[in-house]
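Chain residues, written in single-letter form:
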Amino acid sequence: MLIGVPKEIKNHEYRVGMTPESVSEAIHHGHSVIIERSAGLGIGASDEHYQNAGAEIVDTADDVFDRAEMIVKVKEPQASERARLREGQLLFTYLHLAPDPSQTKDLIDSGATCIAYETITDPHGTLPLLKPMSQVAGRMSIQAGATALEKSHQGKGLLLGGVPGVTPANVVILGGGVVGFNAAQMAVGLQANVTIIDKNPAVLESLSHYFGSKAKTLYSTQSALHEAVLAADLIIGAVLIPGAAAPKLISQAMVQTMEAGTVLVDVAIDQGGCFETSKATTHADPTYVVDEVVHYCVANMPGGVAKTSTYALNNATLPFILKLANHGWKKACQQDSHLLNGLNVWQGKITNQPVAESLGYAFFPPSKAIQ
Ligand SMILES: NC(=O)C1=CN([C@@H]2O[C@H](COP(=O)(O)OP(=O)(O)OC[C@H]3O[C@@H](n4cnc5c(N)ncnc54)[C@H](O)[C@@H]3O)[C@@H](O)[C@H]2O)C=CC1
Ligand SMILES: CC(=O)C(=O)O
Ligand SMILES: [Mg+2]
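About the thresholds
- Residues numbered from 1 in each chain as written.
- Chains lettered and ligands numbered in written order.
- Predicted model: local features only at pLDDT ≥ 70, side-chain atom pairs only at ≥ 80, totals over all residues.
- Heavy atoms only, no water.
- UniProt positions renumbered as here; feature names shortened; annotations may be inferred.
- Domains from an automatic or database assignment.
- Contact = heavy atoms within 4.5 Å.
- Buried area = accessible area lost by both parts, 1.4 Å probe.
- Helix = DSSP H or I, 4+ residues; strand = E, 2+ residues; numbered from the N terminus.
- Buried < 20%, exposed > 50% of the residue type's maximum accessible area, 1.4 Å probe, protein only.
- Polar contact = N/O pair within 3.5 Å; in protein donor to acceptor, adjacent residues only side chain to side chain.

Per an unreviewed UniProt entry, the protein carries the name Alanine dehydrogenase and comes from Litoribacillus peritrichatus. The UniProt entry for the protein carries the following text under Sequence similarities (unreviewed entry): "Belongs to the AlaDH/PNT family." Check the Catalytic activity (unreviewed entry) section of the UniProt entry for the protein; it says "L-alanine + NAD(+) + H2O = pyruvate + NH4(+) + NADH + H(+)".

Asker: Would you take a moment to explain the domain arrangement of the protein for this structure?
Answerer: Reports of interface size often rely on the accessible area that becomes lost once the parts have come together. Looking at the protein, the domain boundaries give domain 1 (2–119 + 306–369) and domain 2 (131–299). For domain 1 versus domain 2, the separation of C-alpha centres amounts to 30 Å. Listed as interface residues are 19 residues of domain 1 and, on the opposing side, 14 residues of domain 2. Summing both partners gives a buried area of about 1,200 Å² for domain 1 against domain 2, and 64% of it is carried by carbon and sulfur.

Asker: I keep staring at the side chain of H96 and nothing clicks. Help me out?
Answerer: Following the sequence through the fold, H96 ends up in the loop between β5 (90–93) and α5 (101–110). A relative accessible area of 6% means that H96 is categorised as buried. Within the structure, the side chain of H96 is placed 3.3 Å from the side chain of D270, a separation counted as a polar contact. Among the polar contacts listed, one links the side chain of H96 to the side chain of Q271, at a separation of 2.8 Å.

What follows is the structure, encoded as structure tokens:
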């Protein structure tokens, strides 16, 4: 199969769909890879690295989209990329469609087959292609929150861990999945006072077992949320209902009750965000203030540490890239129901139920797309 990798064009997005090492694996399996010129510079991979791995370098995104049978990317296609997709072309990348009606409409109109990293599942009921970026974003969320808490960034002027004789800051993490666990690890490491809230008792049990007395766990109810939020200095939004728009756990009225300089880091912003006052921001201008509360809502946090992130992502995506290239998407999805769960758009139809429900489209079962 001819695989194409364009340069990412989202604001401050330095990741790239395939590392030179992944390219070399694909070529070893008998495929060809075209890469847009300079696509890997953000991770320190030059065109020469890619050529040495066996890729052909092409000058423009048009060259990639015109020729490739499968496009491998990182972020959801931007409007100019969507316009280049063609009927029957395979797109393999993050999509996050539920909060994004214009992208969804363009993908429907394109006729392309669109498989989203974030809804591919595994036998353990987790999301193996979201996991590495959630690990990165969870860890970054505490760095971002710690910076935003500084007075010059309009925060309370608090050091997360305090110092001997001065109490540490209160960190509240909403959602104790991959992002939440990794955020808690970093916050506990910095000696903050950490509370994790989740609605899944099994998740709470495993967090409690792992952290012991170093973090508190709370079952997610309105009153638990209210109480924790009022005492919080830094709140991390890390909830997910796979495929669906994020539930709004914190209303604007609750934000108004928070102390000035409290910081909200909404990692779930890529699914629309879990604070009512959240709107997506970029690495170029990551924060804004509502009712004296600082909001950090960058939708591509891992792009800020592109080298770590690209390698972590490729460790998870490469086996699927190879399956798709070796067998074609239909046969690969017939053989692997977890990969089939990634199919979001096919021949102008929405094949992911939470996406269809979130945006008011008819749901077309993916099992019918592979008959
Ligand atoms: N902004 C960014 O750059 C990035 C954002 N993300 C996003 O972060 C979010 C979290 O991802 P993961 O941790 O991988 O998901 P996950 O599925 O591992 O964890 C989500 C947790 O939320 C909990 N949850 C769901 N509804 C809840 C509620 N009402 N109250 C309390 N807990 C609730 C679930 O029980 C689960 O434990 C996703 O939206 C993901 O796309 C991930 C990576 C990068
Ligand atoms: C998952 C996601 O949104 C990202 O890695 O940018
Ligand atoms: Mg700002």
